[in-house]
Amino acid sequence: MKIKRKNVLLSYKNLSIFLLIVIFVLAAYILFQKPLDQNLATVVLPELSATGYTEVALAVDVDTGIINLGGDCYQVSATVEQSQAQSIQDGIDKVVGPRPNIHDLFNDLLKVLDIRILMIKIDELKDGAYHSSFILRQGNTILNLDARPSDAIAVAVRTNYIVPMYFNETLLKAMGEKVC
């Protein structure tokens, strides 16, 4: 009985010492920490920069298959397949058919993997087709994917948050129609 009591007292003594060390470390951290903004440098990733880009709003005409992207008094109209325009409109309306299409599947995959769409950037016009960057984030990892703008938009409109869309300013002014 005496040995058991001695072991219990020793356990309490060890626990007390451990707790005192934890309290001491926490107190030192609180008292002597430097503000975070003094230690962190601002890092700007080119993928996340909107310099040279204009944020645009989206309008879709399913009957004609025309997507309109407009901002800064300019609007670009692009023709896509009617099924692509319908998929974008379905995403805007939060409609999922009896069977999910590829945009629904891709959106589900992003959700399951906890990947967030940060933005879409329409970068250039090459060989008569617009090219875009689909910027994604998972944790501390940023991923820049080349994508057809219509596919990137069709996935982005399915999210539960607003994904900003940017258009290269020079390209927007060169290819767009002045609307105001």
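Residues numbered from 1 in each chain as written. Predicted model: local features only at pLDDT ≥ 70, side-chain atom pairs only at ≥ 80, totals over all residues. Heavy atoms only, no water.

Novice: Got a minute to help me understand the side chain of Thr 159 in this structure?
Specialist: With respect to the helices and strands, Thr 159 occurs in the loop between helix 5 (149-156) and strand 7 (165-168). Within polar-contact distance, the side chain of Thr 159 engages the backbone oxygen of Tyr 161 at 2.6 Å. Once you skip the residues sitting within four places of it in the chain, Thr 159 turns out to touch Lys 94, Asn 107 and Ile 117. (Helix = DSSP H or I, 4+ residues; strand = E, 2+ residues; numbered from the N terminus. Polar contact = N/O pair within 3.5 Å; in protein donor to acceptor, adjacent residues only side chain to side chain. Contact = heavy atoms within 4.5 Å.)

Novice: Can you help me understand the layout of surface pockets in this one?
Specialist: Taking a probe equal in size to a water molecule and rolling it over the atoms shows the remaining empty space. Space inside the largest pocket adds up to approximately 330 Å³. Ala 78, Thr 79, Val 80, Pro 149 and Ser 150 are the residues nearest the centre of the largest pocket, which is lined by 16 residues in total. Those elements that provide at least two residues to the lining of the largest pocket are strand 2 (66-71), strand 3 (74-79), strand 5 (129-138) and helix 5. In terms of residue class, the lining of the largest pocket is made up of 11 nonpolar, three polar and two charged. Of the volumes computed, that of the second largest pocket is approximately 160 Å³. Together, Asp 90, Gly 91, Lys 94, Val 95, Val 96, Pro 100, Asp 104, Asn 107, Asp 108, Lys 111, Arg 158 and Asn 160 line the second largest pocket. Of all elements in the fold, only helix 3 (82-93) and helix 4 (102-112) reach the threshold of two or more residues within the lining of the second largest pocket. Top contributing element to the lining of the second largest pocket by residue count: helix 4, with four residues. The class makeup of the residues in the lining of the second largest pocket is three nonpolar, three polar and six charged. (1 Å grid on protein atoms, 1.4 Å probe; cavity = no way out; pocket = protein on both sides within 12 Å on 5 of 7 lines; lining within 4 Å. Points joined across faces, edges and corners; volume = space filled by probe spheres on them. Nonpolar A, V, L, I, M, F, W, Y, C, P; charged D, E, K, R; others polar.)

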